[in-house]
Amino acid sequence: MRVFLCVRLIQRSQFNGASVQSRPVVMPTAQRRGDLQVRAARVAGVEIPNNKRCETALTYVYGIGPTSAKAIMAATALENKRLREFSEEELTTLREEVEKYNIEGELRRTINMNIKRLKEIQCHRGKRHINNLPVRGQRTKTNARTRKGKTKTVAGKKK
């Protein structure tokens, strides 16, 4: 609404004979084209956002949730400030602490290997994975649409 009003005022001033002067827009040096600007820090092979606080930014890494992020912050004794305010030494200590955790590709591989093992030994959970049904004991007469997929209509009983 405000933008619309400003445009209307400018149009009126032009019609009333007043001229509107335009000044060139001066961008800060970090936002000019061609200048190098760091927008994300790289931790554990993942670019985590610079503008968020460290605890929140760490949760962008697969395998690190809020609890693990707090544990990492406590272990490194770093304060929870925005990542762009971190020095290179602080980022290095953070990276070293994160490397101690089972994260990203290694964690995905471990999970997939566990599921594959369950399928191979044909246990109950493995069979549920094979049949694309809920694994943890949920009901399937109704619901379970996420695992089962879209409804498949079955014809009713003929008389």
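Higher on the page you've got the structure.
Participant: Which parts of the structure should I look at to understand the layout of surface pockets?
Facilitator: Remark: the empty space left among the atoms is shown by a probe the size of a water molecule rolled over them. The computed volume of the largest pocket comes to approximately 240 Å³. Every residue along the wall of the largest pocket is listed here: Ile111, Asn114, Ile115, Leu118, Arg125, His129, Leu133, Pro134, Val135, Arg136, Gln138 and Arg147. Grouping the amino acids of the lining of the largest pocket by side-chain chemistry returns six nonpolar, three polar and three charged.

Participant: For this particular structure, what's the right way to read the side chain of Glu104?
Facilitator: You can see Glu104 is positioned in helix H5 (residues 104–120). For Glu104, a relative accessible area of 18% translates into the label buried. At 2.8 Å, the side chain of Glu104 forms a polar contact with the backbone nitrogen of Tyr62. Apart from the residues within four sequence positions on either side, Glu104 is in contact with Ala44, Val46, Val61 and Tyr62.

Participant: Is there a simple way to explain the pairing of strand S1 (residues 40–43) in this structure?
Facilitator: The side-chain alternation of S1 yields one buried face, formed by Ala41 and Val43, and one unburied face, formed by Ala40 and Arg42. Sheet topology note: the S1/strand S2 (residues 46–49) ladder contains four bridges and is antiparallel. Bridge assignment links Ala41 to a residue of S2, and that residue is Ile48. Where S1 folds back onto S2 in an antiparallel hairpin, the turn is made up of two residues, including Ala44, whose phi is positive at roughly 55°.

Participant: Looking at this structure, I do not really get the nonpolar core. What am I missing?
Facilitator: Nonpolar side chains in soluble globular proteins generally cluster together in the buried interior. One finds Ile48, Leu58, Ile64, Leu83 and Leu94 to be the most contacted residues of the largest nonpolar core, which totals 19 residues. When contributions to this core are tallied by element, the ones reaching two or more residues are S1, S2, helix H2 (54–58), helix H3 (66–76) and helix H4 (88–98). The residues contacting Leu58, other than those within four sequence positions of it, are Ile48, Ile64, Ala69, Ile72, Met73, Leu94 and Val98.

Participant: Could you clarify how one ought to interpret the pattern of salt bridges in this entry?
Facilitator: Between side chains of opposite charge, a pair can form as their charged atoms come close. Here the structure, examined in full by the defined rule, presents five salt bridges. Put simply, Glu47 and Arg42 hold a salt bridge, and the shortest N to O gap is 3.6 Å. Note on Glu47: relative accessible area 53%, which makes it exposed. When its relative accessible area of 46% is taken as the criterion, Arg42 is described as partly exposed. Residue Glu97 is joined to Lys100 by a salt bridge in which the shortest nitrogen-to-oxygen separation is 3.2 Å. A relative accessible area of 63% places Lys100 in the exposed class.

Participant: Even after reading the chapter, I still don't get the environment of Asn51, so can you show me in this structure?
Facilitator: By secondary structure assignment, the location of Asn51 is in the loop between S2 and H2. Expressed as a C-alpha distance, the spacing of Asn51 and Lys81, which sit 30 residues apart in the sequence, is 9.6 Å. Dropping the residues within four chain positions of it, Asn51 is found in contact with Arg82 and Arg84.

Definitions and limits used
For every chain, the first residue of the written sequence is number 1, and numbering continues from 1 onward in sequence order. Reporting of local features is limited, given that this is a predicted model, to residues whose pLDDT is at least 70; pairs of side-chain atoms are given and counted only at 80 or more, and all residues count toward the totals for whole chains, interfaces and linings. Hydrogens are left out, water is left out, and the side-chain values use all remaining heavy atoms of the structure. Cavities and pockets were defined on a 1 Å grid built from protein atoms only: a cavity is a group of points that admits a 1.4 Å probe but offers it no way out, a pocket is an open group of points flanked by protein on both sides within 12 Å along at least five of seven lines, and a lining residue is one with an atom within 4 Å of any such point. Grid points are joined across faces, edges and corners, and a volume is the space filled by probe spheres set on the points. Residue polarity is assigned by list, with Asp, Glu, Lys and Arg as charged and Ala, Val, Leu, Ile, Met, Phe, Trp, Tyr, Cys and Pro as nonpolar; anything else, Gly included, falls into the polar class. Only runs of H or I of at least four residues qualify as helices and only runs of E of at least two qualify as strands under DSSP, and these elements are numbered from the N terminus. The rule is simple: take the accessible area with a 1.4 Å probe, protein chains only, and divide by the maximum for that residue type; under 20% is buried, over 50% is exposed, in between is partly exposed. Any N or O atom pair separated by 3.5 Å or less is treated as a polar contact, with the protein-specific requirement of one donor-capable and one acceptor-capable atom, and with residues adjacent in sequence counted only for side-chain atom pairs. Throughout, a residue-residue contact means that at least one pair of heavy atoms, one from each residue, lies within 4.5 Å. Pairing between two strands requires that DSSP report at least two bridges joining them. In these notes, a set of buried Ala, Val, Leu, Ile, Met, Phe, Trp, Tyr and Cys residues joined through side-chain atoms within 4.5 Å is what counts as a nonpolar core. When a carboxyl oxygen of Asp or Glu is within 4 Å of a side-chain nitrogen of Lys or Arg, the pair counts as a salt bridge.

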